[in-house]
Amino acid sequence: MIEVQHVTKRYGPVTAVDDVSFRVDSGQILGFLGPNGAGKTTTMRILTGCASATEGQAFVAGYDVFEEPVEAKRRTGYLPETPPLYPDMTVREYLAFAARINGIRSVAQRERVAAAMARTNVEDVADRHCGKLSKGYRQRVGLAQAILHNPDVLILDEPTAGLDPKQIIETRELIKELAGDHTIILSTHILPEVAQTCERVVIINKGRVVAVDTPENLTGRLRGSETIRVQLDPRGADETAVVQAATVPNVSNVTATPTQDGLVTLEVQCEKGADVRSEVARAVITSGWGLLELTSMRMSLEDIFLELTTSEEPREEDAEAPEATDA
Amino acid sequence: MRNILTIALKELRSYFVSPMAYVAIGFFVFIYGYFFVVSLNFMVRVSMQAGMMGGPQAINVNEYMVRPLLGNMAVVMLFLLPALTGRSYAEEKRSGTIELLLSSPLTGPQIILGKYLGALALFTLMLGVTFVHVGVLFLYGEPELGPILSGYLGLWLMGGAFISVGLLISSMTKNQTVAVVGAFGTALMLWIVSWIGDPSSGSTTTEVLAYLSILDHFDDFSKGVIDTKHLAYYLSFITFGLFLTARSVDSERWRG
Ligand SMILES: Nc1ncnc2c1ncn2[C@@H]1O[C@H](COP(=O)(O)OP(=O)(O)OP(=O)(O)O)[C@@H](O)[C@H]1O
Ligand SMILES: [Mg+2]
């Protein structure tokens, strides 16, 4: 449904987007993740026809966005980073205008505007001027504008920025609901949002795609080894628990750190994919120590994100990226 | 066509929801009234003198009144129209609403023509209101209608040219003030460009410069002559201005 092929965008000496390729299948939600200045907004502006690319090709709903922009735009709804509202129009007037420029005229217009307002929960400000709305309402009116003409493709630049927690949840629900008959790209800085709403993630850094995968695979793929944290009560016994734990098959490393209240925390590292929790528990108990807590520490999306985007020099993952792009 | 109209109406509306339209129309009509009274006084004095000297009683209203009046209004337009068009693109770029238009299935020319027609409609309204003054002339005198109408046509075309310059400059910046000052400067340059050459020399440069001047083409209209040469000048001026605006908007997509 959306296909980006080797898109590069240069602003003079600055390369904002560098040879980015990815695709989104029909009905999918793709999360676009990256630190500030990574090139998310730039990529989205290229896809929606607000900016042109220096190199590369992009297709939306089967139309080349550079060759057949009008057809592509007809099928695209876009919520820019700053919701594009006219301050002196009321919400209703604004949405009516947005409907007209999308070719929705008198008869259907009223209906569509009402439906979009209902979906985004902006009915109570329908007759207020856009310039007087709070940030959250602006964002929602911007979203209403994007879904108004029922486009095949939705491109949402930080759709939950500035919303209150309740609204964030509602908006995420709305986006998930829309995903069925719309193909969606959304950008965000909020990692749990990606894990919760998106089926696929593109992580972009300094204009380059560093990873494309499902949130689950990403967490899995980057976990070289798994760690279990065990909280123990020594009860005066000697250090046998540590030794015992280290003898469990697949365990690669055990470190023990005493805590302030006389307890001991073990960090047990094991091979990727191996589940050693029950063996470790048994080993610890046979040694006579009290087992207080045992947690499996998965690498969170947050860790992965930081690992991928804050590296000083090129890492392994960077080399893997092209392969991941094709996946 | 519908798309162009949608944009034009939105533009026109934006002039009227801000004080802009009222200030502009009020100012224009007030200045017009002022010049009207001044030139009426002048004409009355001239005709009284002419009467005392035993010359022909009826003095030409068109020659002594309408022509200078329209000439003065052309100067007023030089100041006023850039102020009107300044926000057109600049404000949309500053506030980001331009992305709504750019990502909609409107084409570049539709947006530009819509914006142009919106501003032109407001200007036409401004000009239309001043017909009230002209009506007064017909109540008390016997001016010829022809030259007045052709003079108005000239003013209208000249205004159209100013608006296309204004739109062009506005499309090049995010800053309304820069757009207004830039458009005024450009329009002024095009106005006085013929002063560089020496008309008596008759050289090609002088002729070319004279041809470029927005003002020189207006003269014949105010005399009651509608020359296709001048019509063609204004129309191609406007077309070229809009063409450059389209290029400027497009190049913005590469730069911004
Ligand atoms: N109009 C422009 N002119 C010059 N450079 C630009 C322009 N727009 C963006 N850039 C540069 O391109 C790079 C990518 O910017 P972009 O806005 O796409 O980042 P982003 O991923 O959306 O960041 P954020 O998370 O802060 O929104 C940045 O280095 C930015 O400075
Ligand atoms: Mg951004």
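Just so it is clear, the model here is predicted, and its values are computed rather than measured. (Residues numbered from 1 in each chain as written. Chains lettered and ligands numbered in written order. Predicted model: local features only at pLDDT ≥ 70, side-chain atom pairs only at ≥ 80, totals over all residues. Heavy atoms only, no water.)

**Student:** It is not clear to me how the domain arrangement of chain A should be interpreted in this structure. Could you clarify?
**Tutor:** The extent of an interface is frequently quoted as the accessible surface area lost upon association of the parts. Domain parsing of chain A yields domain 1 (2-219 + 304-324) and domain 2 (225-298). For domain 1 of chain A and domain 2 of chain A, the distance between their C-alpha centres works out to 45 Å. (Domains from an automatic or database assignment.)

**Student:** What am I meant to see in the coordination of the magnesium ion (ligand 2) here?
**Tutor:** Any two of four tetrahedral donors ideally make an angle of 109.5 degrees at the metal, while pairs among six octahedral donors ideally make 90 or 180 degrees. Residues and elements named next belong to chain A. Summarising the metal site, the magnesium ion (ligand 2) is bound by the protein donors T41 (OG1) and E81 (OE), whose distances to it range over 1.9 to 2.3 Å. Residue T41 is located in helix α1 (residues 40-47), and its partner E81 is located in the loop between β6 (76-79) and α3 (91-101); the two are separated by 40 residues in the primary sequence. Overall, the relative accessible area of 40% leaves E81 in the partly exposed class. (Donors = N, O, S within 2.8 Å, 3.2 Å for Na, K, Ca; no water. Helix = DSSP H or I, 4+ residues; strand = E, 2+ residues; numbered from the N terminus. Buried < 20%, exposed > 50% of the residue type's maximum accessible area, 1.4 Å probe, protein only.)

**Student:** What is the right way to read the site of ligand 1 from this model?
**Tutor:** Taken together, 15 residues sit near ligand 1, with K40, T41, T42, E81 and H189 of chain A positioned nearest. Residues near ligand 1 are shared among chains A and B, making this a multi-chain site. With respect to ligand 1, the backbone of A38 of chain A contributes an N or O atom lying 3.1 Å from an oxygen atom. Here an oxygen atom of ligand 1 sits 2.6 Å away from a polar atom, N or O, in the side chain of T41 of chain A. Of the residues forming the shell around ligand 1, the biggest block, three residues, is contributed by α1 of chain A. Class assignment of the residues belonging to the shell around ligand 1 gives a composition of four nonpolar, seven polar and four charged. (Near = heavy atom within 4 Å. Polar contact = N/O pair within 3.5 Å; in protein donor to acceptor, adjacent residues only side chain to side chain. Nonpolar A, V, L, I, M, F, W, Y, C, P; charged D, E, K, R; others polar.)

**Student:** It is not clear to me how the side chain of T8 of chain A should be interpreted in this structure. Could you clarify?
**Tutor:** With respect to the secondary-structure elements, T8 of chain A resides in strand β1 (residues 2-11). Here T8 of chain A is in contact with T15, V17, D18, D19, A53, T54 and E55 of chain A, once residues within four sequence places are set aside. (Contact = heavy atoms within 4.5 Å.)

**Student:** Mind showing me how you'd approach the interface of chain A and chain B here?
**Tutor:** Of the residues lining the interface, 28 residues belong to chain A; the matching set on chain B comes to 24 residues. Carbon and sulfur atoms supply 56% of the area that chain A and chain B bury against each other, a total of about 2,500 Å² over both sides. Area buried by chain A at its contact with chain B is led by Y86, I101 and R105 of chain A, which between them contribute 24% of it. Across the contact surface, chain A and chain B share three salt bridges. At the boundary of chain A with chain B, the tally comes to seven residue pairs in polar contact (both at pLDDT 80 or more). Listed by contribution, the elements that provide at least two residues to the side of chain A that touches chain B are β1, α2 (69-74) and α3 of chain A. Per-element accounting of the side of chain A that touches chain B gives the leading share, five residues, to α3 of chain A. Class assignment of the residues belonging to the side of chain A that touches chain B gives a composition of 14 nonpolar, six polar and eight charged. (Buried area = accessible area lost by both parts, 1.4 Å probe. Salt bridge = Lys/Arg side-chain N within 4 Å of Asp/Glu carboxyl O.)

**Student:** For this particular structure, what's the right way to read the packing of helix α2 (residues 20-52) of chain B against helix α3 (residues 61-85) of chain B?
**Tutor:** To characterise two packed helices, one gives the angle between the axes of the helices and the distance between these axes. All names here are of chain B. Contact pair α2 / α3: the axes reach a minimum separation of 9 Å and the direction vectors enclose 155 degrees. It follows from the interaxial angle that α2 and α3 lie roughly antiparallel. Crossing of α2 against α3: the hand is right-handed. Partitioning the contact of α2 with α3 into residue classes produces 23 nonpolar, two polar and no charged. (Axes fitted to C-alpha atoms, helices over the stretch in contact; angles between N-to-C directions. Parallel < 35°, antiparallel > 145°, perpendicular 65-115°, else oblique. Left-handed = near helix turned anticlockwise from the far one by under 90°.)

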